[in-house]
Structures are given as structure tokens and as C-alpha cells.
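Read off the chains here:
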Amino acid sequence: MSEETKAREDITRFAKSIFDRGLTCGSSGNISVRLSDGNILATPTGSAMGFLDPAQISLMGADGQHLSGDKPTKEMPLHTAFYETRANTGAVVHLHPTHSVALSMLPDIDPDNVLPPLTPYTIMRLGKVKLLPFFLPGDPAMGAAVRGIAGKRSAVLLANHGPVVAGKELAATVYAMEELEENAKLAILTRSLDAIGMTDAQVAQVVQQFNVDYD
């Protein structure tokens, strides 16, 4: 099996799992994978994640040209911005999960680190997650905003829209996205309960132990 064929099948398999578990709905959300030759596979625009055909997944050249498959997601500027600014990025996942979107609308979250440190796994898999302002879907300015972070974040949360996560390979990126949504759910569920989160010292221990980029 070729690298591209396997990547197409992996995208389809993970996309169906994401859809079946309600992490994104309808025709929302998109996934991309960068191949070793620099070309990028991306889910097509307007496609439902639960019903993808591997053969219809878009193939984009390293120069951004559409080479084959259906028309790619309109959110390609988001994806390419991560590939251009984070050298080890091999996959990007953008979804509209309920709790993450809800968290992005709350007035008192820290825009430089929207996820409160409730569990070590969010820190280990995501580092800090930055809140970006609202953009119209498909607006190239989203890509410019990601470039403005200069590769310092592996994940961002778009206000009133949803999270975007970049990782070394697809499985790890999906797992990090799931961790982001679970932490957002915990943050909302415990919001009025005076929950005891991790202390600064505990966060520092996790960062040091697992070599997390947490600037």
C-alpha cells in the first residue's frame, strides 16, 4: 500500500470515528495530512466526515495547486498556515465540537491560554491553546492569524467557530483534539463549582517531566 493510499484510508477512518461520536456534525470539520513529498491530502469542501470516499479526498501540491480529487475544504488557509509555521506538522484537524465552541464564547477566559489546567493530559498533548478572534468561514485572514503566532502554538480556538489542532501525524492530532474537547467540557461543567485545578507548581512539573513547549 502506498503512502498516499494509506493516508486516504486513515483520513476516512478517523473522520468517521469523529463524526459517529458527535465531535462535529453535518458537513462541518476538515482534516488534512501532509505527505513526505510535500503534497497535502485534505477533506473536500461541503463533505460530511462520516461519509467520505477515499478516492474523492483532495490532493494539493506543495505549491497549493489542486491536483486531483474533489475541491478541497475552504479552510485550507488554516491548514497551510500550520504547515508553513510548524516544521514537524504532518496533520491538521479542525472541528466544531460543542463544548470547545461554547468555551470560545465565554467572556472571562484567558485568550492566551483558553483551557484551564485541570488535567495533565491537556498540557502534555496541547500546551497552551490560544484564542483567535472571529473570522468568516474560509476567510484567508484566519491563516494570517495563525502565521502571526509564528509556530508557537500547536492548537488554537477560533471564537464562535471551533478548535484547530496540528500534530506530527494524524492519530496523535485527533487524540489531541479529543483531549481539547474533553477539557473544554470539564471547564464548563465545573465552572460554578469551585473546582480545584492544578497549581502552578504542578503545571511546571508536567511541563518539565514531559518536555512540553509551554511558553
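Procedures and definitions
Residues numbered from 1 in each chain as written. Predicted model: local features only at pLDDT ≥ 70, side-chain atom pairs only at ≥ 80, totals over all residues. Heavy atoms only, no water. Helix = DSSP H or I, 4+ residues; strand = E, 2+ residues; numbered from the N terminus. Buried < 20%, exposed > 50% of the residue type's maximum accessible area, 1.4 Å probe, protein only. Contact = heavy atoms within 4.5 Å. Polar contact = N/O pair within 3.5 Å; in protein donor to acceptor, adjacent residues only side chain to side chain. Pairing = 2+ DSSP bridges. Right-handed = clockwise from strand over helix to strand, strands pointing away.

*Asks:* I'm lost on the environment of H161 in this one. Help?
*Replies:* The residue H161 is located in the loop between β7 (155-158) and β8 (162-167) in this model. By relative accessible area, which is 8% here, H161 ends up buried. Counting along the chain gives 25 residues from H161 to L136, while the straight-line C-alpha distance between them is 9.0 Å. Setting aside chain neighbours within four positions, we find H161 in contact with E75, H94, L95, H96, V101, S104, F135, P137 and M142. A polar side-chain atom of H161 sits 3.3 Å from a polar atom in the side chain of H96.

*Asks:* Help me understand the pairing of β7, please; the structure alone is not making it clear to me.
*Replies:* On a regular strand, each side chain points to the face opposite its neighbour's, so the side chains alternate between the two faces of the sheet. Burial along β7 is two-sided: A155 and L157 and V156 and L158, pointing in opposite directions, are all buried. Taken together, the three bridges between strand β6 (residues 130-132) and β7 define a ladder with parallel strand orientation. Counterpart to L131 in the pairing with β7 is L157. Traced from β6 through helix α5 (residues 141-148) to β7, the parallel crossover comes out right-handed. Here β7 hands over to β8 after three residues, with N160 in that stretch at a positive phi of 60 degrees.

*Asks:* Please explain unusual backbone geometry as it appears in this structure.
*Replies:* What is expected of a backbone is that most residues other than glycine have negative phi and most peptide bonds are trans. Not every positive phi belongs to a glycine, and D194 is a case in point at roughly 55 degrees. You can see D194 is positioned in the loop between α6 (170-189) and α7 (200-209). Under the relative-accessibility criterion, D194 is labelled exposed at 73%. Even without being glycine, N211 reaches a positive phi, approximately 55 degrees.

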